[in-house]
Amino acid sequence: WTFVKELFSSLGIECNILELDQVDDGANVQEVLSEITNQRTVPNIFVNKVHMGGCDRTFQAHQSGLLQKLLQEDSAYDYDLIVIGGGSGGLACAQEAAILGKKVMVLDFVVPSPQGTSWGLGGTCVNVGCVPKKLMHQAALLGQALSDARKFGWEYHQQVKHNWETMTEAIQNHIGSLNWGYRLSLREKAVAYVNAYGEFVEHHKIKATNRKGQETYYTAAKFVLATGYCKRKLLVGASYVALECAGFLAGIGLDVTVMVRSILLRGFDQEMAEKVGSYMEQHGVKFLRKFIPVGSPGKLKVVAKSTEGPETIEEIYNTVLLAIGRDSCTRKIGLEKIGVRINERSGKIPVNDMEQTNVPYVYAVGDILEGKLELTPVAIQAGKLLARRLFAGRLEKCDYVNIPTTVFTPLEYGCCGLSEERAIEVHKKENLEVYHTLFWPLEWTVAGRDNNTCYAKIICNKSDNYRVIGFHVLGPNAGEITQGFAAAMKCGLTKQLLDDTVGIHPTCGEVFTTLEITKSSGLDITQKGC
């Protein structure tokens with residue numbers, strides 16, 4: 001502490017010192033400081049409301065020039081930027097702005113569920129989305145690999161079973177390490193992080209309420225909304241979340257039923273969606289089609305009504321998971337007080353191509369944007385580019401076209417670009433050529449698994465040099481395959497370029513370099529070998 005005082009003195013800076021052991025409510029102040037900064041040691045140093053850390057971090061900031069920048073701040077507002085929401089998009093935007101020398105705060109608060117469930121910094125993807133989902137998907141794949149292993153000569157005689165508690169503990173530990181990593185990264189970049197619920201009270205001013213109900217007010221020149229969604233849980237629904245959950249639960253040996261109101265994977269290519277569902281049914285997942293739940297008179301007795309007539313059914317289940325959609329977290333953050341428009345039905349926020357709302361100093365990124373894909377990498381990209389436009393004079397906008405994604409069902413489905421339905425709607429069927437084939441991964445042959453189940457399809461625009469406008473693959477490691485072809489589509493991939501590409505043998509991805517059969521030809525696409 002003495003060294004820090006000497007440093008500020010040498011810089012001609014006056015500092016206020018609060019000795020916590022000499023004030024009446026020192027213990028309470030220490031508790032609040034620990035909650036805000038996650039630092040329990042002293043000295044705990046703030047410069048113009050930005051948390052620096054201890055002695056070592058303050059000297060590091062001095063050496064890097066960051067300390068001098070913060071000391072020179074004399075703004076009409078507390079911060080250059082306040083980000084509401086500590087998910088992927090919000091953190092990316094906040095950290096990029098801080099790298100560009102701006103004074104930044106992140107507010108993040110997860111309202112606990114009725115059961116008290118909450119989670120740490122990082123948002124939906126890290127805590128209850130992509131990360132745990134993919135790890136549980138991997139657990140299911142390992143179970144399939146155990147079955148395949150016998151065909152490849154592995155001999156084991158003990159009964160192999162899955163331990164749910166072991167898996168969930170390991171996954172939660174990994175997520176905890178990610179939460180800590182995000183907090184550390186914010187601290188290293190001198191981003192103020194407050195675990196509190198942010199709500200606008202007037203223009204350029206928000207109220208932050210922590211878990212104890214204590215309120216603090218902050219102002220900023222600009223705000224970014226990155227609040228994402230409030231998740232609702234329960235397995236009713238046919239979204240990618242519902243099917244992924246059904247897939248990995250069945251994969252670890254549970255009896256799983258999916259209740260579907262209408263179609264599978266709304267918004268995705270429906271031919272691919274039906275193939276996903278068919279594979280899941282063949283591997284033990286039961287589907288109740290054209291039914292919706294209408295009540296639960298018993299503890300876990302589910303009553304469902306047909307969407308096509310008066311028929312009702314009822315079944316007893318040990319667990320029910322609702323995967324019927326999410327609500328945008330935009331209605332209780334005071335947007336009406338400053339005039340930010342939202343879609344009243346969906347809660348989503350309309351923005352222009354610069355992610356700017358109708359209130360000029362308020363921006364939004366991530367899942368709360370109207371008409372944009374709800375994907376973590378999209379939010380990260382948009383957040384970074386937004387910070388660069390706001391604070392570095394850059395012009396690049398987030399490109400929301402040809403964004404790849406993968407549904408991690410037991411048989412993975414990767415896609416980029418347009419579905420076949422959307423392509424017909426945009427370009428007309430007569431201007432399209434669809435090339436497709438079934439294929440049999442080499443790894444599946446010895447294991448005796450499902451010939452002519454995996455499927456590849458590209459949709460080409462004949463009037464634009466047969467440019468690939470839709471890429472679809474159903475098979476193992478579909479995400480890895482799709483990522484590479486997505487880069488090619490960004491570069492203007494055409495059917496001729498695919499034909500000119502030498503495939504890597506034997507891989508699943510090489511099938512796209514040898515596509516010959518068109519849908520319009522009606523020729524058989526079944527395969528006799530790998």
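Please read these numbers as outputs of a predicted model, since none were measured by experiment. (Residues numbered from 1 in each chain as written. Predicted model: local features only at pLDDT ≥ 70, side-chain atom pairs only at ≥ 80, totals over all residues. Heavy atoms only, no water.)

### Quick look at the pairing of strand 4 (residues 104-107)
This is how it is decided: Exposed residues in this analysis have more than 50% of their type's maximum accessible area, buried residues have under 20%, and partly exposed residues fall in between, with area computed by a 1.4 Å probe over protein chains only. Secondary structure counts use DSSP, requiring at least four H or I residues in a row for a helix and at least two E residues in a row for a strand, with both numbered from the N terminus. Think of it this way: DSSP has to see at least two bridges between two strands before they count as a pair. Orient the strands so they point away from the viewer, and a crossover whose first-strand-to-second-strand path over the helix runs clockwise is right-handed.
Taking every second residue as pointing to the same face, both faces of strand 4 are buried, with V104 and V106 on one and M105 and L107 on the other. With 4 bridges connecting them, strand 3 (residues 79-84) and strand 4 associate as parallel partners. Bridge pairing links L81 to V104 in strand 4. The parallel pair strand 3 and strand 4, bridged by helix 5 (residues 88-99), forms a crossover whose chirality is right-handed.

### Examining the UniProt feature "binding site: FAD" (unreviewed entry) in the chain
Put simply, the test is: UniProt positions are given in the numbering used here, feature names are shortened, and annotations may be inferred rather than shown by experiment. Contacts are residue-level and defined by heavy atoms, with any inter-residue pair within 4.5 Å sufficient.
Mapped onto the present numbering, the UniProt feature "binding site: FAD" (unreviewed entry) falls at K134, G198 and D367. You can see K134 is positioned in helix 7 (residues 130-151). Apart from residues lying up to four places away in sequence, D367 is in contact with G228, Y229, R326, K348, E374 and L375.

### Focus: the environment of M167
Structurally, the position occupied by M167 is in helix 8 (residues 164-188). Classification of M167 by relative accessible area gives buried; the value is 10%. Separated by 16 residues in the primary sequence, M167 and R183 have C-alpha atoms spaced 25 Å apart.

### Remarks on the pairing of strand 3
Here strand 3 lies mainly inside the structure; 6 of its 6 residues are buried. Where strand 3 lies against strand 8 (residues 215-225), 5 bridges are found, and the strand directions are parallel. Considered in strand 8, the bridge of L81 is made with K222.

### Comments concerning helix 9 (residues 240-251)
The test is simple: Between the first and last residue of a helix there are one fewer steps than residues, each counted as 1.5 Å, and that sum is the expected span.
Here helix 9 is 12 residues long and its end C-alpha atoms lie 16 Å apart, about the 16 Å a rise of 1.5 Å per residue gives. Structurally, helix 9 contributes buried residues whose contacts are with helix 7, helix 8, strand 10 (257-260), helix 10 (270-282), strand 11 (286-289) and strand 17 (405-407). In the segment just after helix 9, G253 is the residue with positive phi, at about 105°.

### Some thoughts on the packing of helix 7 against helix 9
Where we set the bar: Axis angles are defined between N-to-C directions and span 0 to 180 degrees, where every axis is a line fitted to C-alpha atoms and, for a helix, only to the segment in contact. Crossing chirality is assigned from the near helix's rotation relative to the far helix, an anticlockwise turn below a right angle marking it left-handed and a clockwise turn marking it right-handed. Polar here means any residue other than Ala, Val, Leu, Ile, Met, Phe, Trp, Tyr, Cys and Pro, which are nonpolar, and Asp, Glu, Lys and Arg, which are charged; Gly is therefore polar.
The interhelical angle for the contact between helix 7 and helix 9, taken along N-to-C directions, is 35°, at an axis separation of 8 Å. The element helix 7 and its partner helix 9 pack so that their crossing is left-handed. Contacts between helix 7 and helix 9 involve K133, M136, H137 and A140 from the former and E244, F248 and G251 from the latter. Of the residues assigned to the contact of helix 7 with helix 9, the class counts are 3 nonpolar, 2 polar and 2 charged.

### Some points on the packing of helix 5 against helix 12 (residues 376-391)
Any two packed helices are characterised by how steeply their axes cross, that is the angle between the axes, and by the distance between the axes. Rules: Just so you know how the angles are binned, under 35 degrees is roughly parallel, over 145 roughly antiparallel, 65 to 115 roughly perpendicular, and the rest oblique.
At their nearest, the axes of helix 5 and helix 12 sit 7 Å apart, and the two run at 30° to each other. On the basis of the axis angle, helix 5 is roughly parallel to helix 12. Crossing geometry of helix 5 relative to helix 12 is assigned as right-handed. Along its contact with helix 5, which presents S88, G89, A92, C93, E96 and A97, the element helix 12 presents T376, A379, I380, G383, K384, L386, A387, R388 and F391. Within the contact of helix 5 with helix 12, the residues separate by chemical class into 8 nonpolar, 4 polar and 3 charged.

### Section: the nonpolar core
The criterion, for reference: In this text, buried Ala, Val, Leu, Ile, Met, Phe, Trp, Tyr and Cys residues form a nonpolar core when linked through side-chain atoms within 4.5 Å.
In terms of nonpolar packing, the biggest core is built from 58 residues, with L243, L265, F287, Y413, I458, F471 and F512 touching the most fellow members. Contact partners of I458, with chain neighbours within four places excluded, come to E433, V434, Y435, V468, G470, F471, K495, L498, F512 and L515. Counting residues in hydrophobic clusters, the runner-up holds 38 residues, among them I45, I84, F223 and L225.

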